[in-house]
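Given next are the chains, with one letter for each unit.
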Amino acid sequence: MFPIRPATPDDAQVLTELRRQMHDDINGPHPTDWMQACEEITRDRLANDPSFYAFIVEDEGKVIAGITGEIRPTFPNPGSSATAAGYGIAMCILPEYRRRGIGGSLVHHMTEHFMALGCGRMSVFVAPQAVGLYQELGFEDLPDTIRPMNRYAGKPVPESRYTTAGSAS
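Right, let's walk through the structure included here.

Parameters at a glance
Residues numbered from 1 in each chain as written. Predicted model: local features only at pLDDT ≥ 70, side-chain atom pairs only at ≥ 80, totals over all residues. Heavy atoms only, no water. Buried < 20%, exposed > 50% of the residue type's maximum accessible area, 1.4 Å probe, protein only. Helix = DSSP H or I, 4+ residues; strand = E, 2+ residues; numbered from the N terminus. Pairing = 2+ DSSP bridges. Right-handed = clockwise from strand over helix to strand, strands pointing away. Core = buried A, V, L, I, M, F, W, Y, C linked by side-chain atoms within 4.5 Å. Contact = heavy atoms within 4.5 Å.

1. Observations concerning the pairing of strand E4 (residues 84-93)
In terms of residue burial, E4 counts as a mostly covered element, since 9 of its 10 residues are buried. For strand E3 (residues 62-73) and E4, the ladder comprises 9 bridges, and the chain directions are antiparallel. Looking at E4, one finds that isoleucine 67 is bridged to methionine 91. Two elements, E4 and strand E5 (residues 122-123), share 2 bridges in a ladder whose sense is parallel. Bridged to tyrosine 87 within E5 is serine 123. Handedness of the β-α-β unit built from E4, helix H3 (residues 102-116) and E5 comes out right-handed.

Right, dumping it as C-alpha cells:
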C-alpha cells in the first residue's frame, strides 16, 4: 500500500487539481474558473486553520490521491454527548490508481484521526459511485434523519408563498 502523509500548504495546487478531477468524474466536465480561489483558500487553511485537515498519497513522488476534511463544533444531542464532529470535504484518486484500496485507506485514516481528536461522528457527502466504499467503512445511510440540502448564491428563488415577485434572492 502507498503511504499516507499530512498535506502541507505546498500541496494546495495538487489538492485543487484532484478536486477538479472529483467534480468532473461525478457530473462534469466543469469550467475551471473556481480553481484559483480554491487553491488559495486551500493553501490558507492548510497554513492557518487548525480545524482543517488534508492527507496525500504519493507514488514515487507523484501525488495520486488526496482527502480533505474539517472538524466543527457541534451541539450534544440525544445520540451523542460529543461537542465536535468531523466532516469530509473531498476525496479523489487519479483514475489509473482506483480500485486498489487507496480511497478506503484514506477515508479510514481521516475518520480514525478525527475520532482520536474527540469527534463523536464523521459525516460525508457521497457520490453515488462511492456509496459502497463508505458503507464498507461503517458509514450509514440514514434516510429517515435530517438530510443535507443546498441553496447556492446567484440562483433565483422560485416564487412561493414565502416570497414576493421581484424580491431579492
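Okay, back to it.
2. Let's talk about the nonpolar core
In terms of nonpolar packing, the biggest core is built from 33 residues, with Ile102 and Leu106 touching the most fellow members. For this core, the secondary structure elements donating two or more residues are helix H1 (12-27), strand E2 (52-59), E3, E4 and H3. Ranked by residue count, the leading element in this core is E2, at 6 residues. Setting aside residues up to four positions removed in sequence, leucine 106 forms contacts with Ile4, Phe55, Val57, Ala65, Gly66, Ile67 and Met91.

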